[in-house]
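Residue-level structure breakdown
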Amino acid sequence: MTRIFSFTQPLDVDIVDAFCLLQKGFTDQFVYYRKDRPVRFMGLGRCIALPMLDDAECELSGPAGEQPVFFSFNRFDAHNPAPADELFQSFPSLHFMLPEVVLIENERGTFLQVNSLGPVYAGRVERFSRLALSARPRTRRSIDYTLTLDSRETWERAVDDGLAAIHAGRVDKVVLSRRLKVRAAEPFSSKDLLVNLIDGTAHGTVLLYRYADVFFCGCTPELLVRKRGADLESMCLAGTCPTSPDAQENARLAAALMADQKNRTEHDYVVRFIRDVLNRTCYSVDVPAQPTIMPLTCIQHLMTPARAKLLDGVDLWSMMGDLHPTPAVSGAPVGEAKMLIRQVEAYNRGFFAGACGYVDAAGDGEFSVALRTGVFDGEIGYVYAGCGIVDGSRAADEYDEIALKLKTVLSAFGGGTETVVAGVDGGAR
């Protein structure tokens, strides 16, 4: 059993400004930052990494009773034998990572948490508090970049392979992705991209995991699972169309999406899967029969919320494992779709479409599906997005849909000039 000491005190700061100042002293960084409400955790340094939370015994101190916050970043297909991108290969395979310092913003206020394997030294708390209070307002930075496109022909071959598997009865749906290489005109930092995502137009939850010189980040709209006591929430997100700045046209697009059989079929695979999982592990399951529209900056999705009560003995980690990956990021049936993705995609997805989030020492927390994300080293990077392929899918339409989705992670460059060049970087085997 590992004993952890955690000291938390209120701190009247903007936690993003404080993070931008404190981050200079730490190579390990973790962020789970919901833009829609104060569920925001920004971690610095690594106190300890644990395979299971049952291995920890936590002693809380300080004027605030906030639980220690463990971050968890998990790969889409951890057992894929194909090598990941060279950047993803740099990250260790760890389950629960407890930072040395966590800046917290929730419905109770803002807090500074310091974690240690021995009693927390008061001088560390005072120093971090003093530095955080001295933080100046953050500024945004635009970064010019070159985006290397994959070829439409490569994508068409991948979609053809997916449709062939569908017509052969191997799968009903498969989610295929595109990977594009980004090269910046000048060096950039994880802080640059983080601030642009938090202060920019992207909707959803901002994720960041930095390990030494490489970092994974993005802004995802998709909740996988959230636990508060016995209350559980999830989300069925699949089916996409563009948005329009014109309100009437936007409403027309949304109505067409709701009525589109191809998108409704794609969405229903996810609904059935999540409802089945919740019926096995929960009670009072509530999954509405009809979806709603989730509007985002460039696109809108079909979304069905899911709520339930957890059965005794079921924890958040096991629920994450049961739900991930959903048919929204793999396909249906899930296992066969994962095997097909290994055959069709020429790269290992790494954390893209993985389950990323946090769990506190009381067992509450949430995981999001890491969509609209990329991995970077401060000079180059890879950005990812995908779409569901079902009977009737057209490769050209899906290619263009992914281009819209990529705008979210590319907004992390803050409106810098984009130069597009032709090239082949990944795709079908």
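Residues numbered from 1 in each chain as written. Predicted model: local features only at pLDDT ≥ 70, side-chain atom pairs only at ≥ 80, totals over all residues. Heavy atoms only, no water.

Going by the annotation in an unreviewed UniProt entry, the name recorded for the chain is isochorismate synthase, with Senegalimassilia faecalis given as the source organism. Under Sequence similarities (unreviewed entry), UniProt gives the following word-for-word description of the chain: "Belongs to the isochorismate synthase family." Entered under Catalytic activity (unreviewed entry) in the UniProt record, the comment concerning the chain runs "chorismate = isochorismate". (UniProt positions renumbered as here; feature names shortened; annotations may be inferred.)

Turning our eyes to something else, we now look at the UniProt feature "domain: Chorismate-utilising enzyme C-terminal" (unreviewed entry) in the chain. What UniProt calls "domain: Chorismate-utilising enzyme C-terminal" (unreviewed entry) maps, in this numbering, to residues 152-405. Helix makes up 35% of residues 152-405 and strand 36%, whereas the separation of the span's terminal C-alpha atoms amounts to 16 Å. (Helix = DSSP H or I, 4+ residues; strand = E, 2+ residues; numbered from the N terminus.)

Moving on to the domain arrangement of the chain. The assigned domain composition of the chain is domain 1 (2-133) and domain 2 (145-422). On the side of domain 2, 60 residues touch domain 1, which itself brings 47 residues to the contact. Summed over both partners, the interface of domain 1 with domain 2 comes to about 4,700 Å²; 64% of that surface belongs to carbon and sulfur atoms. Its largest share of buried area at the contact with domain 2, domain 1 owes to Tyr32, Lys35 and Phe76, together 19% of the area lost on that side. Between Asp77 and Lys338 there is a salt bridge whose closest N-O contact spans 4.0 Å. The tally of links from domain 1 across to domain 2 stands at 24 residue pairs in polar contact (both at pLDDT 80 or more). Elements with a contribution of two residues or more to the side of domain 1 that touches domain 2: helix 1 (15-22), strand 2 (29-34), strand 3 (40-44), strand 6 (69-73) and strand 7 (96-98). (Domains from an automatic or database assignment. Contact = heavy atoms within 4.5 Å. Buried area = accessible area lost by both parts, 1.4 Å probe. Salt bridge = Lys/Arg side-chain N within 4 Å of Asp/Glu carboxyl O. Polar contact = N/O pair within 3.5 Å; in protein donor to acceptor, adjacent residues only side chain to side chain.)

Let us look at helix 7 (residues 316-323). Along helix 7, the positions that sit buried rather than exposed are Leu316, Met319, Met320 and Leu323. Along the axis of helix 7, the buried positions cluster into a sector of 105°, meaning they face one direction only. (Buried < 20%, exposed > 50% of the residue type's maximum accessible area, 1.4 Å probe, protein only. Arc of directions from axis to C-beta.)

Moving on to the nonpolar core. General note: in soluble globular proteins, nonpolar side chains tend to be found buried as a group. Residues Met42 and Phe73 are the most contacted members of the largest nonpolar core, which totals 133 residues. For this core, the domains that each give at least three residues are domain 1 (2-133) and domain 2 (145-422). Setting aside chain neighbours within four positions, we find Phe73 in contact with Phe30, Val31, Leu94, Met97, Leu207, Leu208, Tyr209, Phe216, Phe351, Ala355 and Cys356. Ranked by size, the runner-up nonpolar core spans seven residues in total, among them Met235, Met294, Leu296 and Ile299. (Core = buried A, V, L, I, M, F, W, Y, C linked by side-chain atoms within 4.5 Å.)

Here we come to the packing of aromatic side chains. Applying the stated criterion across every chain, the model contains 26 aromatic pairs. Ring centres of Phe73 and Tyr209 lie 4.9 Å apart, and the angle between their planes is 35°; on these two criteria the pair is classed as tilted. Placement of Phe73 in strand 6 and of Tyr209 in strand 12 (residues 205-211) is noted, with a sequence separation of 136 residues between them. Following the ring pairs from residue to residue traces out a cluster consisting of Phe30, Phe71, Phe73, Phe88, Phe91, Tyr209, Tyr211, Phe216, Tyr347, Phe351, Phe352 and Tyr384. Stacked on the ring of Tyr382, the Lys or Arg Arg179 has its end atom at 4.9 Å from the ring centre. Over the aromatic face of Phe76 sits the side chain of Arg349, whose NZ or CZ is 4.4 Å from the ring centroid. (Phe/Tyr/Trp six-rings, centres within 6.5 Å; stacked < 30°, edge-to-face > 60°. Lys NZ or Arg CZ within 6 Å of the ring centre and 35° of its normal.)

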